[in-house]
Structure formats: C-alpha cells, structure tokens
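Chain by chain, the residues:
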Amino acid sequence: MPDPKLTVLISAGQIQTRIRELAAQIDKDLEGRGPLYMLCVLKGAVLFYADLARAITHPVRMDFIGTSSYGKGKSSSGEVRLTKDLDTTIEDFDVLLVEDILDSGITLSYLIHVLQQRKPRSIRIATLLDKPERRVRPVVVDYVGFRIPDAFVVGYGLDFAEDYRQLKDVCVLGE
Ligand code: 5GP
C-alpha cells in the first residue's frame with residue numbers, strides 16, 4: 001500500500017543515473033592522485049555513499065563521521081556537534097565528504113572546519129541534494145546530485161524521526 005503522505009520527487013532510476021555521472025566526474029578529477037578517503041556523514045548519506053563508492057573506480061578508503069541531527073523535528077536547531085569522529089587519519093589524503101542534503105549549510109561548514117584541522121591534501125564535497133533557497137552559511141560544493149525546492153524530503157537514507165530511510169526514491173513528506 002503506498003503511503004499517502006509520500007510523493008516521489010526523485011526516482012531510484014534518476015538517482016542511479018546521476019550517481020554514475022558524478023562518479024565519472026570524480027574519477028576524472030582524481031586522475032594521477034593517490035587513494036581517495038571517502039567520508040560518510042552519518043546516517044542520512046549512507047545509501048548515497050555506498051552507491052557512489054561502488055560507482056567510483058579510483059581506489060577508495062572509507063570512514064564515517066557523525067553529527068547531531070534534527071532529532072524528531074523538521075528544522076535544524078542551528079547547533080552542530082560531533083557524535084562520532086573518524087577512526088583514521090586523513091592527513092595528506094584527498095578527501096571526499098559525502099553528505100545527504102545541504103540545507104542551511106551549518107552542518108557542512110562546521111564539518112569542513114573540523115576536517116581542515118586534520119590537514120588533508122584536499123577536501124571535496126559531494127551532496128546528493130541541495131536546497132539553495134535555505135542557505136544561511138555559504139558552502140562551496142564540488143558535486144551536487146540534484147537541486148531541489150524547499151520541501152522536507154525523506155527516503156534514500158533521509159529520515160523523519162528515524163523512519164523512511166530505506167525508501168529507494170527521494171520523496172516529499174506531506175502532513
Ligand atoms: P544544514 O546544516 O545544511 O541545515 O542541514 C543538513 C542536515 O539537515 C542534513 O544532513 C539532514 O540531516 C538535515 N536535513 C535538511 N533538510 C532535510 C530534509 O528535507 N529532510 C531530511 N530528512 N533531513 C534534512
């Protein structure tokens with residue numbers, strides 16, 4: 001039974017097609033470089049991260065970082081803290097930080113600041129979704145899956161109070 005609160009915004013097929021394009025661009029940008037440290041921002045980016053990693057042919061190393069989330073609400077508290085740090089050093093590595101959605105920019109600007117102190121060779125950012133209208137802090141993103149309007153979305157890793165993460169499509173959650 002389809003959930004009446006959900007409307008598909010980006011289908012699973014569209015997501016996979018776009019991931020192949022992003023991976024091809026990432027492979028091209030990394031030509032001649034050492035292994036890429038791919039960092040997954042938990043938990044929302046996990047499906048995008050896993051699919052993107054498998055589409056990239058350049059050698060990849062993996063690590064995970066956690067930030068405080070929106071909890072049970074639909075809007076950010078504006079405060080970010082690390083809930084899980086990396087297990088490994090990224091010093092002198094090319095880093096790709098993989099995020100699910102760029103909204104106000106507060107989370108990513110915080111994470112970039114934290115990671116820069118670890119002295120990576122470079123930091124690139126990939127985000128599946130971008131809501132440019134909502135930006136409070138400017139963030140330069142290298143790889144954007146889809147620019148979307150200001151709506152609360154779930155699925156393909158994104159949750160509402162921990163539900164809906166397993167959906168294959170990105171959907172708008174209505175009332
Ligand atoms: P920012 O710090 O850029 O405002 O927000 C980034 C984080 O907010 C994302 O990693 C995600 O966890 C959450 N977020 C922002 N917009 C949405 C949305 O539409 N749906 C869901 N599920 N999470 C969102």
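Because the structure is predicted, anything quoted here is derived from the model rather than measured.

Focus on the site of the ligand
Around the ligand there are 15 residues in total, and Asp100, Ser104, Thr107, Val153 and Asp159 lie nearest to it. Between the ligand and aspartate 103, the relevant distance is 2.9 Å, taken from an oxygen atom to a main-chain nitrogen or oxygen of the residue. Contacts to the ligand include serine 104, whose side-chain N or O atom sits 2.5 Å from an oxygen atom. Only strand 5 (94-102) and helix 3 (106-116) provide two or more residues apiece to the shell around the ligand. In terms of residue class, the shell around the ligand is built from seven nonpolar, three polar and five charged.

Quick word on the pairing of strand 6 (residues 122-130)
For strand 6, a buried count of eight out of nine residues is recorded, marking the element as mostly surrounded by other parts of the structure. Taken together, the eight bridges between strand 5 and strand 6 define a ladder with parallel strand orientation. Residue pairing for strand 6: valine 98 is matched across the bridge by alanine 126. Note that strand 6 and strand 7 (residues 143-147) share four bridges and pair parallel. Looking at strand 7, one finds that aspartate 130 is bridged to arginine 147.

Concerning the sheet that holds strand 3 (residues 60-67)
The six strands are arranged 4-3-2-5-6-7 in an open sheet whose pairing can be described as mixed. Among the strands making up the open sheet, the edge pair consists of strand 4 (82-84) and strand 7. Ignoring strand direction, the axes of neighbouring strands in this sheet form an average angle of 30°. For strand 2 (residues 36-42) and strand 5, the ladder comprises five bridges, and the chain directions are parallel. The residue bridging methionine 38 from the neighbouring strand is leucine 96, located in strand 5. Sheet contacts for helix 3: strand 2, strand 3, strand 4, strand 5 and strand 6; angle to strand 5, the most-contacted strand, approximately 165°.

As for the pattern of salt bridges
In the structure shown here, the tally under the stated rule is 15 salt bridges. With a shortest N-O distance of 4.0 Å, aspartate 103 and lysine 131 are connected by a salt bridge. With aspartate 103 in the loop between strand 5 and helix 3 and lysine 131 in the loop between strand 6 and strand 7, this residue pair connects regions lying 28 residues apart in the sequence. Each member of the pair aspartate 103 and lysine 131 is classed as buried. Of the charged contacts in the structure, one is a salt bridge between arginine 135 and aspartate 130, with a shortest N-O distance of 2.6 Å. For arginine 135, a relative accessible area of 25% corresponds to the partly exposed category.

Side note on the packing of helix 1 (residues 12-29) against helix 2 (residues 46-55)
It is at 9 Å that the axes of helix 1 and helix 2 come closest, and there the two elements cross at 55°. Compared by their axis directions, helix 1 and helix 2 come out oblique. In the crossing of helix 1 with helix 2, the sense of the turn from one axis to the other is right-handed. From helix 1, Gln16, Ile19, Leu22, Ala23, Ile26 and Asp27 reach across to helix 2, where they touch Phe48, Asp51, Leu52 and Ala55. Residue classes in the contact of helix 1 with helix 2 are distributed as seven nonpolar, one polar and two charged.

Remarks on the state of the cysteines
Considering all chains together, one arrives at zero disulfides under this definition. Considering cysteine sulfurs only, cysteine 171 is the nearest to cysteine 40, which forms no disulfide, with 20 Å between them. Given a relative accessible area of 0%, cysteine 40 falls into the buried group. Assessed through its relative accessible area of 4%, cysteine 171 is described here as buried.

Conventions and cut-offs
Residues numbered from 1 in each chain as written. Predicted model: local features only at pLDDT ≥ 70, side-chain atom pairs only at ≥ 80, totals over all residues. Heavy atoms only, no water. Near = heavy atom within 4 Å. Polar contact = N/O pair within 3.5 Å; in protein donor to acceptor, adjacent residues only side chain to side chain. Helix = DSSP H or I, 4+ residues; strand = E, 2+ residues; numbered from the N terminus. Nonpolar A, V, L, I, M, F, W, Y, C, P; charged D, E, K, R; others polar. Buried < 20%, exposed > 50% of the residue type's maximum accessible area, 1.4 Å probe, protein only. Pairing = 2+ DSSP bridges. Axes fitted to C-alpha atoms, helices over the stretch in contact; angles between N-to-C directions. Contact = heavy atoms within 4.5 Å. Salt bridge = Lys/Arg side-chain N within 4 Å of Asp/Glu carboxyl O. Parallel < 35°, antiparallel > 145°, perpendicular 65-115°, else oblique. Left-handed = near helix turned anticlockwise from the far one by under 90°. Disulfide = S-S within 2.5 Å.

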